[in-house]
Amino acid sequence: MNLLIKGGRVIDPSQNIDDLLDILIVDGKIADLGKNLKAPAGAETVDAAGCLVTPGLIDMHVHLRDPGLEYKEDIVTGTRAAAAGGFTSVCCMPNTKPVNDNKAVTSYIINKAKAEGLVNVFPIGAITQGSKGESLAEMGDMKEAGCVAVSDDGRPVVNAELMRRALEYAKGMGIMVITHSEELSLVGEGVMNEGFTSTELGLKGIPWAAEDVAVARDVYLAELTDSPLHIAHISTTGSVRIIRNAKARGVKVTCETAPHYFSLTDDAVRGYDTNAKMNPPLRIAEDVAAIKAGLADGTIDAIATDHAPHHLDEKDVEFNAALNGIIGLETSLPLSLQLVADGELDFKVLVEKMTCNPSKILGLDRGTLKKGAVADVTVIDPEADWKVEAEKLEAKSKNSPFIGWSMKGGAKYTIVGGKVVYKRG
Amino acid sequence: MQFKHKDIIGLQDLTKEEIQLLLDTAENMREINDREIKKVPTLRGKTVVNLFFEASTRTRTSFEIAAKRLSADTVNITASSSSVTKGETLSDTARNILAMKPDIIVMRHAVSGSHHYLAQRVSCSVINAGDGAHEHPSQGLLDMLTMRQKFGRLDGLKVAIVGDITHSRVARSNIFGLTRMGSQIFLAGPPTMMPPGIERLGNVTVCKDMREAVEGADVVMMLRIQLERQGKTLLPTLREYSRYYGLNPAVLKLARPGAMVMHPGPINRGVELSSYVADGDQSWILQQVENGVLVRMAMLYHVSGGELATE
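Residues numbered from 1 in each chain as written. Chains lettered and ligands numbered in written order. Predicted model: local features only at pLDDT ≥ 70, side-chain atom pairs only at ≥ 80, totals over all residues. Heavy atoms only, no water.

Draft legend 1. The state of the cysteines, seen in detail. All names here are of chain A. Taken as a whole and judged by the stated rule, the model has zero disulfides over all chains. Of all cysteine sulfurs, the one in Cys91 lies closest to Cys92, which takes part in no disulfide; the gap is 7.7 Å. A relative accessible area of 2% means that Cys92 is categorised as buried. (Disulfide = S-S within 2.5 Å. Buried < 20%, exposed > 50% of the residue type's maximum accessible area, 1.4 Å probe, protein only.)

Listed below in structure tokens is the structure:
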């Protein structure tokens, strides 16, 4: 099936394009990009008038929970949620059961995604065996099997020497290390951000320094080893400052934040809403402003959801007992578009952070609409008005603090390898 | 005036008038407690379940006596004998109790916010007997009743609260309640036990040391130091804590003459409170316990829909 995407505003930061153009897709590849393209015989036309047409969105940080935790999410439902959210590629974290710390698990994920998934799935392997933080996992093997990075996401590599060796070893294998930077001794039994709100609610707090101290350590280890490092889900003023300074002196560090860190503050925890419980925790207004500033000035390279599905039984409990994490694939795009509506970012910068930047960080052959590239394309209706309703979400779990919110903007068509995998309405 | 709340989760949720009403009703209950036959039929046929997920002798007993003096039937469920050890969720425990049609659940739970959670899921009334470090409204009310008993008012008082503020639901309920009634709160304690932003919670001043808080105070409220809560990192030794944050006769002299000494109990003699002070003539600690029964009678009465008690 060949496709002609007609009349949209094409924004492709990888080629510095922002223009009204048509895109012709033939045999799953971008065949042409230009004005007034004619549809060849048998090609289907996609009307993109009034829409943005971008390289397929990439979410470099999701939890698909497959294998082993399919009661929360699986590769089928997770990629369906991704498609509905406009994502053509997702990178799934290794904290499955068993942990993706060897090529057998990596291959299982890749094979199942190819057979049953709606979008591209790029697995991320573990840094350490079992993500236990004791000894290095077989990074070379996992890379060969298809892993695009390694991470012990969900927990930090506590031992600084092991983290140093992980960075050195990964550099040799040519694979990116993604760190979950958190100083656990400062987190203690904390369940939300430490501050006025935690004091009022009587909940144990997690200070911002629990993140900053660990980010600083990991940045210095990247500098020491002259290795690339990507820092996951940053949420604090200090993290932005540390990474900005590190980049200025040439450290090969990149980072991401998640939509909830620029859309919500710890006020969302009031009423003890367990869907506002995640790690790192929601911070205060000053941090939200710092995250937005970091996105605007390029300190923060990518927006990733940290899509973390949990079963109702794991969230419908007392606050302390609830698991950390929220789903995000289906709300990321409108929340991110809000940054443009609010004048924080322009479209080009936003699209960069959701397409070519994550692609570049992980060395994927995606995130571009260049002729000959795989035809992963997202057609975005920036004006679509819709409401987040639990029963309409594709994700298997419904743990979102945004349920009930009115959203503006969303994917109209999600196209993976030239095939429409999602069509709005 | 009708009390409009189904539940009493915290003093933060109550207006000045509602607090006043609860205290007035509690004061009216005093006469019942002094009778030879300490019982009125007000809550006859009502069932009160005391659901305690944390150890408590004083509060549970006080609620039980309060319910019995109003002729309610009471059942006590404590964590050790409850289904919690069988891995049942709070939600399921609550639903099972609710199926037996209680009128009021009095709950204590170690997790802040558990009462919000419970109250949203049951149709009967929920009274908070302490949730984590959040609120302990019956303690706040009995403290205020005791202060009012002595001073005849709750506005313009200077109240010092000393100890582990971070982990104290007693401190929070007093801050909410006393601020609402027009008093001033002065806090002191090791900075390791002083939570951020506490001064924004009400009419609160954080003092640099205990002497500054106690100076000129009408009330000195000492909090229990609980080693099991405070762990190993918050203070070096009880001996040093006692030297800097314990109330002894010398420090008490800084307060207004005749100032009240209060403590939510149980006290650690020689730690936060010297025995000379605890048993001295400025101590109102046992009066607090007596008043506890009264405010709990008032709470049970008002969540049951009663108007001002005049028995």
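Draft legend 2. Broad picture of the sheet that holds strand S8 (residues 219-222) of chain B. Residues and elements named next belong to chain B. Across the sheet, which stays open at both edges, the five strands sit in the order S7-S6-S5-S8-S9 with parallel pairing between neighbours. If you trace the sheet from one side to the other, it starts and ends with strand S7 (204-206) and strand S9 (260-262), each paired once. Taken over all neighbouring pairs, the strand axes of this sheet differ in orientation by 20° on average, direction set aside. The sheet contact formed by strand S5 (residues 158-162) and strand S6 (residues 184-188) spans five bridges and is parallel. Paired with Lys158 across the bridge in S6 is Gln184. (Pairing = 2+ DSSP bridges. Helix = DSSP H or I, 4+ residues; strand = E, 2+ residues; numbered from the N terminus. Axes fitted to C-alpha atoms, helices over the stretch in contact; angles between N-to-C directions.)

Draft legend 3. Main features of the interface of chain B and chain A. The interface of chain B with chain A comprises 21 residues on the first partner and 15 residues on the second. Taken over both partners, the interface formed by chain B and chain A buries close to 1500 Å², and the fraction arising from carbon and sulfur atoms is 57%. Summed over the shared surface of chain B and chain A, the number is one salt bridge. Between Asp316 of chain A and Arg121 of chain B there is a salt bridge whose closest N-O contact spans 2.6 Å. Taken together, the links from chain B to chain A amount to eight residue pairs in polar contact (both at pLDDT 80 or more). Put simply, the parts of the chain that give the side of chain B that touches chain A at least two residues each are helix H4 (114-119) and helix H6 (169-181) of chain B. Top contributing element to the side of chain B that touches chain A by residue count: H4 of chain B, with three residues. Of the residues that constitute the side of chain B that touches chain A, the class distribution is nine nonpolar, nine polar and three charged. (Contact = heavy atoms within 4.5 Å. Buried area = accessible area lost by both parts, 1.4 Å probe. Salt bridge = Lys/Arg side-chain N within 4 Å of Asp/Glu carboxyl O. Polar contact = N/O pair within 3.5 Å; in protein donor to acceptor, adjacent residues only side chain to side chain. Nonpolar A, V, L, I, M, F, W, Y, C, P; charged D, E, K, R; others polar.)

Draft legend 4. The packing of aromatic side chains, seen in detail. Under the defined criterion, the tally for this structure stands at two aromatic pairs over all chains. Judged by centre distance (4.8 Å) and plane angle (85°), the ring pair of Phe402 of chain A and Trp405 of chain A falls under edge-to-face. Assessed through its relative accessible area of 32%, Trp405 of chain A is described here as partly exposed. Of note, Arg121 of chain B hangs over the ring of Tyr117 of chain B, and the distance from its end group to the ring centre comes to 3.6 Å. One residue, Arg200 of chain B, lies across the ring of Phe196 of chain A, its end atom 4.0 Å from the ring centre. (Phe/Tyr/Trp six-rings, centres within 6.5 Å; stacked < 30°, edge-to-face > 60°. Lys NZ or Arg CZ within 6 Å of the ring centre and 35° of its normal.)

Draft legend 5. The arrangement of the pairing of strand S5 (residues 52-55) of chain A in detail. Residues and elements named next belong to chain A. Where strand S1 (residues 3-12) and S5 come together, two bridges link them in parallel fashion. If you follow Arg9 over to S5, its bridge partner there is Leu52. Judged from the four bridges that link them, S5 and strand S16 (residues 377-387) form a sheet pairing that is antiparallel. Paired with Thr54 across the bridge in S16 is Thr378.

Draft legend 6. Structural view of the environment of Phe196 of chain A. All names here are of chain A. Its location among the elements puts Phe196 in helix H6 (residues 196-201). A residue is classified by how much of its surface remains accessible, and Phe196, at 18% relative accessible area, is buried. Expressed as a C-alpha distance, the spacing of Phe196 and Arg241, which sit 45 residues apart in the sequence, is 23 Å.

Draft legend 7. Inspection of the packing of helix H1 (residues 16-33) of chain B against helix H5 (residues 137-151) of chain B at higher detail. Residues and elements named next belong to chain B. Contact pair H1 / H5: the axes reach a minimum separation of 10 Å and the direction vectors enclose 70°. For the element pair H1 / H5, the angle class is roughly perpendicular. Of the two elements, H1 crosses H5, and the hand of that crossing is right-handed. Within the contact between the two elements, H1 uses Ile19, Gln20, Leu22, Leu23, Asp24, Ala26, Glu27 and Arg30 and H5 uses Leu141, Met144, Leu145, Arg148 and Gln149. In the contact of H1 with H5, the residues fall into seven nonpolar, two polar and four charged. (Parallel < 35°, antiparallel > 145°, perpendicular 65-115°, else oblique. Left-handed = near helix turned anticlockwise from the far one by under 90°.)

Draft legend 8. Just the domain arrangement of chain A, in detail. Residues and elements named next belong to chain A. Taken domain by domain, chain A consists of domain 1 (3-52 + 374-423) and domain 2 (56-362). Centre-to-centre, using C-alpha coordinates, domain 1 lies 25 Å away from domain 2. The interface formed by domain 1 and domain 2 includes one salt bridge. Two residues, Lys396 and Asp74, come together in a salt bridge whose shortest N-O distance is 2.8 Å. Linking domain 1 with domain 2 are 16 residue pairs in polar contact (both at pLDDT 80 or more), by the criterion used here. Of all the elements in the fold, those that place two or more residues in the side of domain 1 that touches domain 2 are S1, S16, strand S17 (406-416) and strand S18 (419-423). Examining the composition of the side of domain 1 that touches domain 2, we find that eight residues originate from one element, S17, more than from any other. Considered class by class, the residues forming the side of domain 1 that touches domain 2 number 19 nonpolar, nine polar and seven charged. (Domains from an automatic or database assignment.)

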